[in-house]
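# A closer look at the structure
Chain by chain, the residues run as shown.
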Amino acid sequence: MTGKIMKKILVTGATGQIGSELTMELRKKYGGDNVIAAGHRRKPSEKLANSGPFEYIDTSNRESIEHVVKKYDVDTVYHLAAVLSAVGEEKPQVTWKVNMNGLHNVLEVAREHELARVFWPSSIAVFGPKAPRAHPPQDTVLIPETMYGVTKVAGELLCNYYFLRFGLDVRGVRYPGIISSETPPGGGTTDYAVKIFYEAIKRKQYTCFVREDTILPMMYMPDCIKASIDLMEADPSEIKCRMSYNVAGMSFSAGELAAEIKKYIPEFECQYLPDFRQKIADSWPMSIDDCVAREEWGWEPTYDLAAMTKDMIEKLTKRFTKGDL
Ligand code: AKB
């Protein structure tokens, strides 16, 4: 496979935590008019609406994706629209429908219209209690116990199938918890690692929904965007894995994160009141072995806990001072 050229990019889930920042970065690289942002119900921010085309898409309706692909002559899709793990446990039926039908429709449209590339994010949620808790390797037992994890394993298999059977150039990474300062996440188990910053700055206190000693793999948004774009821009000959790549950023406990924030906001107090999300967190690994991504397409993260915390505090403090938090 030589690789077709990416000229017109569609981003689904563009109003979400990752989509909103990824779209802006892609627009910087490929030009505003060449990156079509798509949301489902949520209105786009002014920044998103004014920097390039915006469309509403229901990814569980194939025609709605096809209409936009034809209208803009799209050749590449970043398919980010999904229901995350915590909402996934509250609404398992909706989660299956949104995550699986959405992905299947995107892959079918890509196959039929011979698109150049598709990016689809998997997650650390593919690992279940039977996988090693520390540094699970790229290939290991995947028996998740959440609906979100089930859709991610099934999605990885589907992507691999479309590559093998139809030659579709589909690529993915297993995102850890993503920490960012622009658009808050919604419905995930790792959301506490973002919320804690907002609450520390606004109220100097936070009640965390996982235990203090809960350790999970996390990544700062600039690394998340770098991983996604670097993987998509890698030469097809480098991509040997068509499930999704393990990518690691940093790992820390909720208590370690609170202690790092306290260095900047000494009055900050964090309490711990675990709820149903603790069980989800306990079924996921504490860290990730990403040596295959490093070897095959040169993945390397930039941010550790200290660098990420400093940047988050600076960015959110600026927003708070402007009255924008
Ligand atoms: C979630 O918590 O559901 C997501 C994820 C790790 O995929 N952030």
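Anyway, here's the lowdown on the structure attached to this text.

## As for unusual backbone geometry
Located in the positive-phi region is D73, a residue other than glycine, with phi close to 55 degrees. Relative to the elements of secondary structure, D73 occurs in the loop between α3 (62–72) and β4 (76–79). A relative accessible area of 61% means that D73 is categorised as exposed. Phi at E114 takes a positive value of approximately 50 degrees, unusual for a residue other than glycine. You can see E114 is positioned in the loop between α5 (92–112) and β5 (117–119). Taking relative accessible area as the criterion, E114 reaches 59% and is therefore assigned exposed.

## Quick look at the sheet that holds strand β7 (residues 170–171)
Judged by pairing direction, the sheet is parallel, and its six strands sit side by side in the order β3-β2-β1-β4-β5-β7 without closing on themselves. Two strands lie at the open edges of the sheet, namely β3 (54–56) and β7, each paired on one side alone. Bridge analysis of strand β2 (residues 35–39) against β3 gives three bridges, and the strand direction is parallel. When the bridges of β3 are listed, A37 appears paired with F54. Of the strands in this sheet, β4, β5 and β7 touch helix α8 (residues 221–233), which is tilted by about 160 degrees from β5.

## Here's the deal with the site of the ligand
Neighbouring the ligand are the residues L84, S85, S123, I124, Y148, G188, T189, T190 and W284. S123 is positioned with one of its side-chain polar atoms (N or O) 2.7 Å from an oxygen atom of the ligand. Within the contact set of the ligand, an oxygen atom lies 2.7 Å away from a backbone nitrogen or oxygen of T189. For the ligand, whose accessible area on its own is 260 Å², the fraction buried by protein is 93%. The residue inventory of the shell around the ligand, partitioned by class, reads four nonpolar, five polar and no charged.

## Here we look at the sheet that holds strand β8 (residues 173–175)
One open sheet holds the three strands; their spatial order is β6-β8-β12, and the pairing between them is parallel. Looking along the sheet, the strands with just one partner apiece sit at the ends: β6 (122–123) and β12 (245–246). Both β8 and β12 contribute to a ladder of two bridges, which runs parallel. Paired with R174 across the strands is N246, a residue of β12.

## Remarks on the pattern of salt bridges
According to the stated counting rule, one finds 23 salt bridges in the structure shown. Residue R111 pairs with E112 through a salt bridge whose shortest N-O separation is 3.9 Å. On the basis of relative accessibility, which here comes to 30%, the residue R111 falls in the partly exposed class. Look at E112 and you get partly exposed, because its relative accessible area is 44%. Salt bridges sharing partners connect three or more residues here, namely R62, E66, E108, R111 and E112.

## Notes on the packing of α3 against α5
At a closest axis distance of 9 Å, the pairing of α3 and α5 adopts a crossing angle of 40 degrees. Viewed along their axes, α3 and α5 adopt a mutual orientation that is oblique. Where α3 crosses over α5, the handedness of that crossing is right-handed. Between α3 and α5, the residues in contact are R62, I65, E66 and V69 and N105, V106, E108, V109 and E112, respectively. In terms of residue class, the contact of α3 with α5 is built from four nonpolar, one polar and four charged.

## Remarks on the packing of aromatic side chains
The geometry of an aromatic ring pair is captured by two quantities: the separation of the ring centres and the angle between the planes. Inspection of every chain in the model, using the stated rule, returns 10 aromatic pairs. Look at Y78 and F119: their rings are 5.3 Å apart centre to centre, the planes differ by 40 degrees, and that puts the pair in the tilted class. One end of the pair, Y78, is in strand β4; the other, F119, is in strand β5, with 41 residues separating them in the sequence. Across this residue pair, the class does not change: Y78 and F119 are buried. Ring plane angle 85 degrees and centroid distance 6.1 Å describe the contact between Y161 and F166, whose orientation is recorded as edge-to-face. Residue class for F166 comes out partly exposed when judged on its relative accessible area of 35%. Cluster of aromatic residues (ring-pair linked, three or more members): Y78, F119 and Y175. R111 extends its terminal NZ or CZ atom over the ring of F166, reaching a point 5.2 Å from the ring centre. The ring of F163 has R242 lying over it, and the distance from NZ or CZ to the ring centre is 4.2 Å.

## Thoughts on the environment of V106
Among the secondary structure elements, V106 is positioned in helix α5. Residue classification places V106 among the buried residues on the basis of a relative accessible area of 2%. Separated by 213 residues in the primary sequence, V106 and R319 place their C-alpha atoms 36 Å from one another. Ignoring anything within four residues of it in the chain, the contact list for V106 reads I65, V77, H79 and V118.

What counts and how
- Residues numbered from 1 in each chain as written.
- Predicted model: local features only at pLDDT ≥ 70, side-chain atom pairs only at ≥ 80, totals over all residues.
- Heavy atoms only, no water.
- Helix = DSSP H or I, 4+ residues; strand = E, 2+ residues; numbered from the N terminus.
- Buried < 20%, exposed > 50% of the residue type's maximum accessible area, 1.4 Å probe, protein only.
- Pairing = 2+ DSSP bridges.
- Contact = heavy atoms within 4.5 Å.
- Axes fitted to C-alpha atoms, helices over the stretch in contact; angles between N-to-C directions.
- Near = heavy atom within 4 Å.
- Polar contact = N/O pair within 3.5 Å; in protein donor to acceptor, adjacent residues only side chain to side chain.
- Areas by Shrake-Rupley, 256 points an atom, 1.4 Å probe, with all protein chains shown as cover.
- Nonpolar A, V, L, I, M, F, W, Y, C, P; charged D, E, K, R; others polar.
- Salt bridge = Lys/Arg side-chain N within 4 Å of Asp/Glu carboxyl O.
- Parallel < 35°, antiparallel > 145°, perpendicular 65-115°, else oblique.
- Left-handed = near helix turned anticlockwise from the far one by under 90°.
- Phe/Tyr/Trp six-rings, centres within 6.5 Å; stacked < 30°, edge-to-face > 60°.
- Lys NZ or Arg CZ within 6 Å of the ring centre and 35° of its normal.

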